[in-house]
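# Survey of secondary and tertiary structure
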Amino acid sequence: NAGVMQNPRHLVRRRGQEARLRCSPMKGHSHVYWYRQLPEEGLKFMVYLQKENIIDESGMPKERFSAEFPKEGPSILRIQQVVRGDSAAYFCASSPPNQRGPRNEKLFFGSGTQLSVL
Amino acid sequence: AQKVTQAQTEISVVEKEDVTLDCVYETRDTTYYLFWYKQPPSGELVFLIRRNSFDEQNEISGRYSWNFQKSTSSFNFTITASQVVDSAVYFCALTSNRDDKIIFGKGTRLHILP
């Protein structure tokens, strides 16, 4: 039973390029969360998605950032026209259906994607 | 608003000493959940414990123990007889029954010196 898989593990982009971060939730999980960790900071919530729906995007920057979780395939966090300030570790977490959010059990985190913008 | 404060940004102790990591939280909700996560140098997040607001029993798991006190809104984490492998950043976190997101503290970086 594989855990939450994120790829790539490391991603280097130049300013102005696009970054695509992928997250495959644990088998049977239909809820996905994205968090961002800036250097020397804790994790900040970005977005919560269920299959084909964005439930809560209150932590997403208004511009350049988008997320999706299609019916088939991984969840994608897309950052357009990256800037140096986007450099951070991006973590994905998943939880099962019918157990909305992390209230009823632990949230399973992936190993993160370290984005470096040159 | 919910908030988690980990006042200790960095702690260093010598191996085999006991160490306590502090966590103070704020929430208006009566039903909430507290977590501790470990982030070793490799970067992944490792779940350690989840506690709900109705369960104030302290918990012990091997060398790890947690002290939950609602009266002081604290959820402290103690490592007994620390080992070098305990060196990591430790995050305390909070969510409530009304919310889907976990709020993390800024973390405490723990150095266990040989």
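Because the structure is a prediction, the values reported are computed rather than measured.

Quick look at the environment of proline 97 of chain A now. All names here are of chain A. If you trace the backbone, proline 97 turns up in the loop between strand E9 (88-95) and strand E10 (108-109). Through-space distance from the C-alpha of proline 97 to that of arginine 22 is 20 Å; in sequence the pair is 75 residues apart. Aside from chain neighbours lying at most four places away, what touches proline 97 is Gly28, His29, Ser30 and His31.

For chain B, per-residue confidence averages 92 on the pLDDT scale, and 100% of positions sit at 70 or higher. The element-level mean pLDDT for chain B is lowest in strand E7 (residues 59-61) of chain B, coming to 89, with strand E3 (residues 19-21) of chain B highest at 98.

Bringing the state of the cysteines into the picture now. Under the counting rule described, the total for this entry stands at two disulfides over all chains. Disulfide pairing places cysteine 23 of chain A opposite cysteine 92 of chain A at an S-S distance of 1.7 Å. On the sign convention where negative is left-handed, the bridge of cysteine 23 of chain A and cysteine 92 of chain A, at about -50° about the S-S bond, is left-handed. Of this pair, cysteine 23 of chain A sits in strand E3 (residues 19-24) while cysteine 92 of chain A sits in strand E9; the two residues are 69 residues apart in sequence, bridging distant segments of the chain. Disulfide partner of cysteine 23 of chain B: cysteine 92 of chain B, at an S-S distance of 1.9 Å. Negative torsions about the S-S bond denote left-handed disulfides, and the value of about -65° found for cysteine 23 of chain B with cysteine 92 of chain B makes this one left-handed. Linking cysteine 23 of chain B in the loop between E3 and strand E4 (24-26) with cysteine 92 of chain B in strand E10 (residues 88-96), this pair joins segments that are 69 residues apart in sequence. An identical accessibility class is assigned to cysteine 23 of chain B and cysteine 92 of chain B; each is buried.

The rules behind each value
- Residues numbered from 1 in each chain as written.
- Chains lettered and ligands numbered in written order.
- Predicted model: local features only at pLDDT ≥ 70, side-chain atom pairs only at ≥ 80, totals over all residues.
- Heavy atoms only, no water.
- Helix = DSSP H or I, 4+ residues; strand = E, 2+ residues; numbered from the N terminus.
- Contact = heavy atoms within 4.5 Å.
- pLDDT = per-residue confidence, 0-100.
- Disulfide = S-S within 2.5 Å.
- Buried < 20%, exposed > 50% of the residue type's maximum accessible area, 1.4 Å probe, protein only.

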